[in-house]
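Per-entry structural report
Chain residues, written in single-letter form:
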Amino acid sequence: MNKPQDEQGVQTAYDEVADSYADHFRSTEPEQPVELAMVAHFASLLSGERRVLDAGCGAGRLLPVLAALNCRVEGVDLSPGMIRRAQQDHPSFTTQVASLTHLPHPDGSFDGYFSWYSTIHSPGEDLLRIFGEAKRVLRTGGHLLVAFQSGRGTHDVAGAYRRHGHDITLERYRRTPDQVATVLAAARLREVARLERQPAGADERDSQAVLIAQC
């Protein structure tokens, strides 16, 4: 792309692929045990009512995972198509359409903010706004988890969907853990844990990273 993709483009792409994505990834099929251990560690750090926002929940496949870790979880996603599937597949959870840069929640609403690969399509200039909004909805002492592909540069991910009949345009941004940690710090979120692992198997081309920070 010659210019950063905007939210409308990302929303359009995920509306188009929502059913294919939700049918293919039903639960934690893509995750390695070490990543799920980071999710469990994140949950273990929470206190209070353990209320968690799954920010960029997609079709909601990780809502039951967080609930099983004794979190009171609800979700938001930019894509109405994804939220339609979340409400269809996981009707016991509250989910709604919202942008990560303008969350429909009061200040200090949550004990945890869970961002599982939900910033990977956001250009760098949007990250500080996203993490600033995360900090706003977190209570003092709350925790944030963010997962993403580690590295540098962009990757065209539309090809994988075109092979399944979806004519979309979609890029993801690779970032190093240090780059993301710097933006978290600028949003006044303090890193408390980090995971970075190499690609697992032939089907995975990028390293993966998870950071946990405290408000």
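This text follows the structure it describes.
Predicted model only: the values in this text are computed from it and were never measured.

Per the secondary structure count, the protein chain includes 7 helices and 9 strands. Radius of gyration (C-alpha) of the protein chain: 16 Å, near the 17 Å computed for a compact globule of 215 residues. Along the longest, intermediate and shortest principal axes, the C-alpha atoms of the protein chain span 45 × 35 × 30 Å. Relative to its full complement of 215 residues, the protein chain shows a buried share of 54%. Relative to all contacts within the protein chain whose residues are 6 or more apart in sequence, the contacts with residues 24 or more apart total 70%. Carbon together with sulfur atoms contributes 49% to the accessible area of the protein chain, which is approximately 9,800 Å² in total. Charge separation in the protein chain, taken as the distance between the mean sites of 23 positive and 28 negative side-chain charges, equals 4 Å.

Attention shifts here to the pattern of salt bridges. This structure, assessed with the given rule, holds 18 salt bridges. E133 is the partner of R136 in a salt bridge, and the nearest nitrogen-oxygen pair spans 2.9 Å. Pair noted here: R136 and E133 are both in helix α5 (residues 124-137), with a separation of 3 residues, about one helical turn. Look at R136 and you get partly exposed, because its relative accessible area is 25%. The network of salt bridges with common partners includes D19, D23, R26, R84, R85 and D89.

Before going further, it helps to examine the packing of aromatic side chains. Across all of its chains, the model carries 5 aromatic pairs by this definition. A ring pair is formed by F42 and F114, whose centres lie 5.9 Å apart and whose planes are at 40 degrees; its orientation type is tilted. Highlighted residues: F42 in helix α2 (residues 33-45) and F114 in strand β4 (residues 110-116), separated in sequence by 72 residues. Summarising the burial analysis for this pair, F42 and F114 share the class buried. Ring centres 5.5 Å apart and planes at 85 degrees place the aromatic pair W116 and Y117 in the edge-to-face group. In terms of burial, W116 and Y117 fall into one category: buried. Cluster of aromatic residues (ring-pair linked, three or more members): F42, F114, W116 and Y117.

Before going further, it helps to spend a moment on the side chain of R197. Within the secondary structure layout, R197 lies in strand β8 (residues 190-197). Within polar-contact distance, the side chain of R197 engages the side chain of E35 at 2.6 Å.

Within the largest apolar cluster, 48 residues are counted, with the highest numbers of intra-cluster contacts made by Y113, F114, W116, F131, L144 and L184. Take this core: its biggest share by element is 6 residues, from strand β5 (residues 138-150). Those residues in contact with L184 that lie beyond four places of it in its chain are F131, L144, V146, L189, L211 and A213.

As a further point, take the environment of T12. With respect to the helices and strands, the residue T12 is situated in helix α1 (residues 7-24). Assessed through its relative accessible area of 45%, T12 is described here as partly exposed. On a C-alpha basis, the gap between T12 and G201 in space is 30 Å, while along the polypeptide they are 189 residues apart. Polar contacts involving the side chain of T12 include one to the main-chain carbonyl oxygen of Q8, which spans 2.9 Å.

Glancing now at the sheet that holds β8. One open sheet accounts for 7 strands, arranged β3-β2-β1-β4-β5-β9-β8; its pairing is mixed. The outermost strands of the open sheet, each flanked by one partner alone, are β3 (95-97) and β8. When the angles between neighbouring strand axes are averaged without regard to direction, this sheet yields 15 degrees. Two elements, strand β1 (residues 51-55) and β4, share 3 bridges in a ladder whose sense is parallel. By the bridge assignment for β4, V52 is matched with G112.

Our next topic: the pairing of β4. By the criterion of burial, β4 is predominantly enclosed, with 7 of the 7 residues buried. In this sheet, β5 lies alongside β4 in parallel orientation, the contact comprising 6 bridges. Paired with W116 across the bridge in β5 is A147. In this fold, the crossover linking β4 to β5 by way of α5 has right-handed handedness.

Conventions we followed
Residues numbered from 1 in each chain as written. Predicted model: local features only at pLDDT ≥ 70, side-chain atom pairs only at ≥ 80, totals over all residues. Heavy atoms only, no water. Helix = DSSP H or I, 4+ residues; strand = E, 2+ residues; numbered from the N terminus. Rg over C-alpha atoms; globule rule 2.2 N^0.38 Å. Buried < 20%, exposed > 50% of the residue type's maximum accessible area, 1.4 Å probe, protein only. Contact = heavy atoms within 4.5 Å. Areas by Shrake-Rupley, 256 points an atom, 1.4 Å probe, with all protein chains shown as cover. Lys, Arg positive; Asp, Glu negative; His and termini not counted. Charge placed at Lys NZ, Arg CZ, Asp CG, Glu CD. Salt bridge = Lys/Arg side-chain N within 4 Å of Asp/Glu carboxyl O. Phe/Tyr/Trp six-rings, centres within 6.5 Å; stacked < 30°, edge-to-face > 60°. Polar contact = N/O pair within 3.5 Å; in protein donor to acceptor, adjacent residues only side chain to side chain. Core = buried A, V, L, I, M, F, W, Y, C linked by side-chain atoms within 4.5 Å. Pairing = 2+ DSSP bridges. Axes fitted to C-alpha atoms, helices over the stretch in contact; angles between N-to-C directions. Right-handed = clockwise from strand over helix to strand, strands pointing away.

The quantities given are spatial measurements derived from coordinates; they are silent on function.
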